[in-house]
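The primary structure of each chain is shown beneath.
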Amino acid sequence: MDYTGQLRAAHIARMKQQYLDAIEAARQDYEKEEREHQESARAAYVEKMTDLRDSPQQLRSLGLSGGVAEEDIYSIFAEYRARYEELKQKQREFTEEYQREVSRQQRLMDNAVAEYNARIALEDYKLSQKSESASSAGSGSSRSSSSRTSSSSKSTRSGSSSYGGSRSSNAKSSYIPSGSYGKGGVR
């Protein structure tokens, strides 16, 4: 790989690293959210189990038993289930957010690299056109002068044209080297 290729590869690597750093930051945020979710789920479970353990004693101390105890146990399970569903919903939301962010950063990285490569390809094309134009103009100028010489010698040999005048006085070369004239005139 030549020096220019190494510079381009290094630039692409730096560009990609910025996006990979953003993905890594998103991953760390996700892991933090996941740890918090696990801690909250564990705390909700411990609370449920503690309530189940302590509930019969609390009801007995109040002098309640029977249907009230079953209702209390049902209430403990319902509260736990609601809390658990809330935690699961929050987990789904932050997981989806993480996946969207990773996908977005990957897309941005791919687009940035593609845009950079397209810009480089365009610059390379322009440089190759300039070098071809310069080499054509260099070799084309000698062809142009020889073409002019031969056309003027042909016109003087032919004498006069059908228009009645001498062609040599009005003779101009029709040869234009390719690439030396284009939009905007001479390059």
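Remember, it's a predicted structure, so these values are computed and weren't measured experimentally.

### Some points on the overall build of the protein
(1) Moving on: Within the protein one finds three helices and two strands.
(2) Moving on: Written out in order from the N terminus, the α and β elements of the protein read α-α-α-β-β.
(3) Moving on: Pairs at least 24 apart in sequence give 76% of the contacts found in the protein among residues at least 6 apart.
(4) Moving on: Carbon and sulfur atoms provide 52% of the accessible area of the protein, an area that totals close to 13,900 Å².

### Comments concerning the side chain of E34
(1) Moving on: Within the secondary structure, E34 sits in helix α1 (residues 3-62).
(2) Moving on: The charged side chain of E34 is buried without a salt bridge, its nearest counter-charge being K88 at 7.2 Å.
(3) Moving on: For E34, the side chain forms a polar contact with the side chain of Q38, separated by 2.9 Å.
(4) Moving on: Contact partners of E34, with chain neighbours within four places excluded, come to Q91 and F94.

### Structural notes on the packing of aromatic side chains
(1) Moving on: This model, assessed by the stated rule, comprises four aromatic pairs.
(2) Moving on: Each residue in the set Y30, F94 and Y98 is aromatic and connected to the rest through ring pairs, giving one cluster.
(3) Moving on: When the ring centre of Y80 is taken as reference, the NZ or CZ atom of K48 above it lies at 4.4 Å.

### Quick word on α1
(1) Moving on: Compared with an ideal rise of 1.5 Å per residue, which puts 60 residues at 88 Å, α1 spans 85 Å between its outermost C-alpha atoms and is within 8% of the ideal.
(2) Moving on: Positive backbone phi, at 85 degrees, marks G63, one or two positions downstream of α1.

### So, the nonpolar core
(1) Moving on: Judged by nonpolar contacts, I12, M15, Y19, M109, A112, V113, Y116 and I120 together constitute the single largest core of eight residues.
(2) Moving on: Residue assignment for this core shows that the elements contributing at least two residues are α1 and α2 (67-158).

### Details of the pattern of salt bridges
(1) Moving on: With the rule as written, the count across this model stands at 10 salt bridges.
(2) Moving on: In this structure, R8 and D124 form a salt bridge, with 2.7 Å as the shortest nitrogen-oxygen distance. One end of the pair, R8, is in helix α1; the other, D124, is in helix α2, and 116 residues separate them in sequence.
(3) Moving on: The partly exposed category is assigned to R8, whose relative accessible area is 23%.
(4) Moving on: Among the salt bridges present, the one from E24 reaches R27, with a minimum N-O distance of 2.2 Å. Residue E24 and its partner R27 are located together in helix α1, separated by three residues, close to a single helical turn.

### Details of the confidence of the model for the protein
(1) Moving on: In the predicted model, the protein carries a mean pLDDT of 77, and 71% of its residues have values of at least 70.
(2) Moving on: Strand β1 (residues 181-182) is the least confidently modelled element of the protein, averaging 38 in pLDDT, while α1 averages 90, the highest of any element.

About the thresholds
In this numbering scheme, every chain counts its residues from 1 along its sequence in written order. Local features in a predicted model are, by the rule used here, given only for residues with pLDDT of at least 70; side-chain atom pairs are given and counted only at 80 or more, and totals for whole chains, interfaces and linings are based on all residues. As a rule here, side-chain values come from all non-hydrogen atoms in the structure, and water together with hydrogens is ignored. Runs of H or I in DSSP of at least four residues are treated as helices and runs of E of at least two as strands, each being numbered from the N terminus. Contacts are assigned to residue pairs with any non-hydrogen atoms lying within 4.5 Å of each other. Reported accessibility uses the Shrake-Rupley method at a 1.4 Å probe radius. Residues are deemed covered only where the shown protein chains occlude them. Burial classes: relative accessible area under 20% of the type maximum marks a residue as buried, over 50% as exposed, and values in between as partly exposed (1.4 Å probe, protein chains only). Neither His nor the chain ends contribute to the count of charged residues, in which Lys and Arg are positive and Asp and Glu negative. By convention in these notes, a salt bridge is any Lys or Arg side-chain nitrogen within 4 Å of a carboxyl oxygen on Asp or Glu. Under this definition, polar contacts are N or O atom pairs within 3.5 Å; protein pairs additionally need one hydrogen-donor-capable and one acceptor-capable atom, and for neighbouring residues in sequence, both atoms have to be side-chain atoms. Working definition: rings of Phe, Tyr and Trp (its six-membered ring) pair if their centres are within 6.5 Å, and the pair is stacked with planes under 30 degrees apart, edge-to-face with planes over 60 apart, and tilted otherwise. By definition, being over a ring means that NZ of Lys or CZ of Arg is both within 6 Å of the ring centre and within 35 degrees of the ring normal. Expected helix span is taken as 1.5 Å per residue step, with the number of steps being one fewer than the number of residues. Residues enter a nonpolar core if they are buried and are Ala, Val, Leu, Ile, Met, Phe, Trp, Tyr or Cys, with the set joined through side-chain atoms within 4.5 Å. Confidence of the prediction at every residue is given by pLDDT, a number between 0 and 100.

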